[in-house]
Structures are given as C-alpha cells and as structure tokens.
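Fold and contact review
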Amino acid sequence: MNGKTRLWRDSKPVKINDACDIRDSIRSGRISAEEVAAAALKRIEEADPRLGAFVTVQPEQALARAREVDVKVRSGQTGLPLAGIPVAVKDNISTRHLKTTCGSRILQSYVPPFNATAVQALENAGAVVIGKTNCDEFGMGSSTENSAFHVTRNPFDLDRVAGGSSGGSAVAVAAGMAALALGSDTGGSVRQPASFCNVVGIKPTYGRISRYGLVAFASSLDVIGIIASSPRDAALLLSTVAGPDTCDSTSARVPVPDCLDGLDRPVKGLRVGVPREFFDPGLDHEVKNIIDDALRNATVLGCEIEEVSLPHTPYAVADYYIIAPAEASSNLARYDGVRYGYRAPSPRDLADMYFRSRSRGFGAEVKRRIMIGTFALSSGYYEAYYGRAMKVRTLIRQDYEKVFKGVDVLMAPVSPTPAFRIGEKTDDPLAMYLSDIYTVTANLAGIPALSVPCGFTSGGLPVGLQILGSHFEEATLLRLAQNYVNSFPVTAPPPQV
Ligand code: GLN
C-alpha cells in the first residue's frame, strides 16, 4: 500500500505520500488541492480503522481549507511552498479549534485557542491539516501503546507496534494517509517510529523549530520533528517550519538554509564515523547485518568510513531516564483540574480534586515518570540524581563535540530491534526504556539526527539507518540521506493491510 494511493488525471498518477509531486501537480493545475484532500480522506476512511493512526480527523475543515488553497493557486498566488499538501499533526502539538489530547484522558476534550508556531507556518504555506495523530501519552513511550485511546498498528505487520511516541504520524505517512507529518522527538520519538514504518524521520537541532505550542514533556530535550516518505519531502517541510520565533526563547537565532538546495549534490569524500558503542551485544543480528550493508553502500557513494568512539553512550539511557522524568514531573504539575483538562466530579475539597483528577486523568506510565522525576528532584536526592545526570549529559555532549572534529556525520542503527510485538514490552518498562539506547543521545546533546529506510528483515520488517550530525547540519544529513535513497532505494513489500 505504501505509495499506492494514487489519483489519476491526464494519465499521470499523483501519489498521496509524495509531497513534492503533489506540490508540482497542484501548481501546474493538473490536480486540485480539493481532489488531493478528498483522496487522503478516502484513504483514511479505508485504512485507518485497522491502523489507528489518527485520534481526530477533520474532513469538512480540510476540504474547505483545500478549496481556499485552490482559489489562491488559481489566482496566481505564489509563495505557498506546501500548497494543498495534506499534513497530519501529532496530537501533542496545538491546533487552533482542533482537539489536542496528547494521547491523554486528562486533555481528552481540550481544544486549544491557538496554533503552535509550526502549525501556523504550515497554514501560511498552504498546507492542509487533515487530522491529529495518535501518540504515547504526552510523548512518553516507544510504541504508541501508552495512548489513552487506542494502539496504533504497524502497517507492515498489524500485530506489531508502529513505534513511538509519534507512531500515528509515522503510520499516516507510511500508509499514504498524509503526505507529511509533524511529530515530536524527546528521546527518539520521530526516528524510531520512522525506522519501524519505512519512512524518513528527522529530529532537527534543539531550537531549530519553535516549540511554541508543542505541549511540554521535557523542555530541554523536546523538539518538533518531521516525518515524510523521502528526504526531499522532509527537506521541503523542514525549510518551511524551521526558524527563530519570538514566542519561544529557546528557538535558535540562526538562519535556516534551503535544505532542498543541493540535495542531490554528491557526497563523495564525506567523512562518516561509525560509533562502536552503537554496535553492542544488544543489537539484533539481522538489524546489524542490514546496517553493515548500509555502511558498505555509503562507501559506494564515496563516503570515507571510520570507526569512532562515544565512550559515555552506555550511560545514556540511565541519564535520559532521570532528566526527562525530572522535567516532566515539573511540566505536568499544571494538570490539576483547575484551568483546563479533566476535573474529577464532586470533590470534597481542593486536595481531593487534585488527587482524583490526576489519578484518573493520567495513565500508568505518566504517573511512573512523575514519581521518578519528583524523587530525583527531591531535597536530599537532587544532587545524587539530577545533579549527576546533568554532569553525565555534559560528558555525552562533549563526546559528540570531539568526534565531530574528525568526521562530518555519524551512521548507526536507530533501534536495537525491528518493530516488536504489541504487548511484548508493556509489562516491562525497563525493557521499553532500553530500546531507546541509540536515540536518546542526540537529544541529550541537542544535535540533529534522522532515520532513513535502509532494508527489511527476513520477516518483512523495515529497518532504518540513523545519520547524526553536529548542530544545525540538517542540510548535510538530508543530502546524504537523499543520495542514499537515490542509489539504494528500499522498495516496500506490500504491507499486510
Ligand atoms: N521513548 C522515549 C520516552 O519514552 C522517548 C519519547 C519521545 O521522544 N517523546 O521518553
């Protein structure tokens, strides 16, 4: 089904998950934005009951919006880089007048009065927001099983997870229900589901895209990320939504390059480091072989491969699982039943209202994180846990700074295994946390990283190749990824849908 949703007009097909193709077809008048939106909605109607990628779909609004775009395009309005492109938005990113649940019961009827800056950028660029995608509650998880609403299934094997926490966004693109999607990545939530679902996922440099309107999980790690079916499409979206923002003081005051420019320029001579710590005994054998093949392919492209070391990587999961919950425990204090969100009925007093609203509103994993984080920050333990974790974080960042003096980029696996079975890790939080081993370091260091499809296991499950770079080097990562798929495209076997 990947890429098979096609609109036929003048005998040339338009693929719903090829954003650049849609853009060109709409611009040339070969197809209308309304037709594209209608096709995406039809695809959602057909496929989503089995996949569960969406929490909310807005058919009427999307069609109305598409008609507006058509009027603008026909009147010759230029400067709409995403005109008519159907985009899915993770449900922890604020959308004006459109429910934003964060996959949580506590926000299940929350309708924001404002757009996230990234969503506003989409709208200004002429994109059509088609709906909101399912995720682990507040982004806490690696499988989308922690959504309060339903699980999202992997389109390559319905008994397996889509990955997470941006599982819905990855599946929306993988299954041709949207051309592009926004996700968020605090410790791997864009790259890992992209890897599990055979799509491209990029986590930009911390601060590259405004976090205004991204519901906070761990503010020093959170970034809005992008899911697309090709590096080119990811570059198109990144160039549109990135940039400084006065509403987010942590957004980077650095110019945004046109990532589409020079995307196919050869990568001959690029120095690629392979961090040996990412090839530990926990790495699945088949995944390792696929990544080894990808490294050989990179040499065919003219890259110079060398082994490097990031010695503090073994501490990364422990480090992340102190820092992220610590920040989460503070960020989630606002959900107390007073200002917005779920309030438990007929409380005895204020304390009872807080207690029952939070007990019923939050799911098990979120509560676990709040408890871990509160403990790590508590008086008497703060230095031993949070203080030390911050020092380890500095060491991890320094590992990367050192390594990028000698190489341009790094190549590594995204996840130690392909998509696991639904339910396989739900009773074992530690096993779930450990699966984040190869993704959390990029967030701790604040550097950009992406996942690009590079192969399939013998069981037909996708495997992604991770490419990491130094701060603000997204254009290099995307160029290498585009060169890679130009020469070594991974054609998807028909998914089980
Ligand atoms: N899996 C990680 C966690 O559970 C990362 C999640 C994310 O990036 N939002 O925290």
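Figured I'd write up the structure that's included with this text. (Residues numbered from 1 in each chain as written. Predicted model: local features only at pLDDT ≥ 70, side-chain atom pairs only at ≥ 80, totals over all residues. Heavy atoms only, no water.)

1. Observations concerning the packing of helix H2 (residues 33-51) against helix H3 (residues 59-74)
One way to put it is that H2 packs onto H3 with a least axis distance of 7 Å and a crossing angle of 160°. Taken together, H2 and H3 sit at an angle that is classed as roughly antiparallel. Along this stretch, H2 crosses H3, giving a crossing that reads as right-handed. Residue-level contacts link Ala33, Glu34, Ala37, Ala38 and Leu41 of H2 to Pro59, Ala62, Leu63, Ala66, Arg67, Val69 and Asp70 of H3. Partitioned by chemical class, the residues of the contact of H2 with H3 number nine nonpolar, no polar and three charged. (Axes fitted to C-alpha atoms, helices over the stretch in contact; angles between N-to-C directions. Helix = DSSP H or I, 4+ residues; strand = E, 2+ residues; numbered from the N terminus. Parallel < 35°, antiparallel > 145°, perpendicular 65-115°, else oblique. Left-handed = near helix turned anticlockwise from the far one by under 90°. Contact = heavy atoms within 4.5 Å. Nonpolar A, V, L, I, M, F, W, Y, C, P; charged D, E, K, R; others polar.)

2. Describing the pattern of salt bridges
All chains considered together, the criterion is met by 20 salt bridges. Here Glu474 ties to Arg208 by a salt bridge, and the two come within 3.1 Å at their closest N and O atoms. Of this pair, Glu474 sits in helix H15 (residues 474-487) while Arg208 sits in the loop between strand S9 (200-203) and strand S10 (223-228), and the two are 266 residues apart along the sequence. As a salt-bridge pair, Asp293 and Arg296 come within 2.6 Å of each other at their nearest N and O atoms. A residue pair is termed a helical-turn pair when its members lie 3 or 4 positions apart in one helix, as Asp293 and Arg296 do in helix H8 (residues 285-300) at three residues. On the accessibility criterion, Asp293 (39% relative accessible area) is partly exposed. (Salt bridge = Lys/Arg side-chain N within 4 Å of Asp/Glu carboxyl O. Buried < 20%, exposed > 50% of the residue type's maximum accessible area, 1.4 Å probe, protein only.)

3. Things to note about the site of the ligand
Around the ligand, the surrounding shell holds 15 residues, and the nearest of these are Thr186, Gly187, Ser189, Tyr320 and Arg369. Here the ligand loses 99% of its free accessible area of 290 Å² to cover by the protein chains. For the ligand, the cavity whose grid points lie within 2 Å of the majority of its atoms is the largest cavity. Split into classes, the residues belonging to the shell around the ligand amount to four nonpolar, eight polar and three charged. (Near = heavy atom within 4 Å. Areas by Shrake-Rupley, 256 points an atom, 1.4 Å probe, with all protein chains shown as cover. 1 Å grid on protein atoms, 1.4 Å probe; cavity = no way out; pocket = protein on both sides within 12 Å on 5 of 7 lines; lining within 4 Å. Sits in = over half its atoms within 2 Å of the grid points.)

4. Some remarks on the pairing of S10
Most of S10 is tucked away: six of the six residues are buried. Neither face of S10 is left uncovered, since the one carrying Val223, Gly225 and Ile227 and the one carrying Ile224, Ile226 and Ala228 both have all their residues buried. Across six bridges, the pairing between strand S8 (residues 180-185) and S10 is antiparallel. Looking at S10, one finds that Gly183 is bridged to Gly225. (Pairing = 2+ DSSP bridges.)

5. Some details on the nonpolar core
Judged by nonpolar contacts, the single largest core of 150 residues is most densely connected at Leu122, Phe138, Leu182, Tyr400 and Ile467. Of the residues forming this core, the biggest block, nine residues, is contributed by H2. Ignoring anything within four residues of it in the chain, the contact list for Ile467 reads Val409, Leu410, Met411, Pro448, Ala449, Leu450, Val452, Leu477, Leu480 and Ala481. (Core = buried A, V, L, I, M, F, W, Y, C linked by side-chain atoms within 4.5 Å.)

6. Notes on the packing of aromatic side chains
Going through the model one piece at a time under the given rule, you end up with 15 aromatic pairs. Geometrically, the ring pair formed by Phe138 and Tyr335 is tilted, given 5.0 Å between the ring centres and 40° between the ring planes. In this pair, Phe138 sits in the loop between strand S5 (128-133) and strand S6 (153-154) while Tyr335 sits in the loop between helix H9 (316-331) and helix H10 (350-361), placing the two residues 197 residues apart along the sequence. For Phe138, a relative accessible area of 2% gives the class buried. (Phe/Tyr/Trp six-rings, centres within 6.5 Å; stacked < 30°, edge-to-face > 60°.)

7. What about the side chain of Glu145?
Tracing the chain through its elements places Glu145 in the loop between S5 and S6. Here Glu145 occupies a buried position and makes no salt bridge, while the nearest side chain of opposite charge, Arg153, is found at 8.9 Å. Separated by 2.6 Å, the side chain of Glu145 and the backbone nitrogen of Gly423 make a polar contact. Once you skip the residues sitting within four places of it in the chain, Glu145 turns out to touch Asp136, Val151, Val161, Phe420, Ile422, Gly423, Thr426 and Met432. (Lys, Arg positive; Asp, Glu negative; His and termini not counted. Polar contact = N/O pair within 3.5 Å; in protein donor to acceptor, adjacent residues only side chain to side chain.)

8. Observations regarding empty space enclosed by the protein
Space left empty within the atom packing is revealed by a probe, the size of a water molecule, rolled over the atoms. Counted under the stated rule, the structure contains three cavities of 30 Å³ or more. Approximately 100 Å³ is the volume found for the largest cavity. Lining the largest cavity are 14 residues, with Gly139, Gly141, Ser189, Tyr320 and Asp436 positioned closest to its centre. For the lining of the largest cavity, a count of residues per class yields three nonpolar, nine polar and two charged. Computed from the structure, the second largest cavity encloses a volume of approximately 50 Å³. What lines the second largest cavity is simply Ser195, Phe196, Val287, Pro413, Val414, Ser415, Thr417, Pro418, Pro462, Val463 and Gly464. For the lining of the second largest cavity, the elements supplying multiple residues, two or more each, are helix H6 (191-197) and strand S15 (462-469). (Points joined across faces, edges and corners; volume = space filled by probe spheres on them.)

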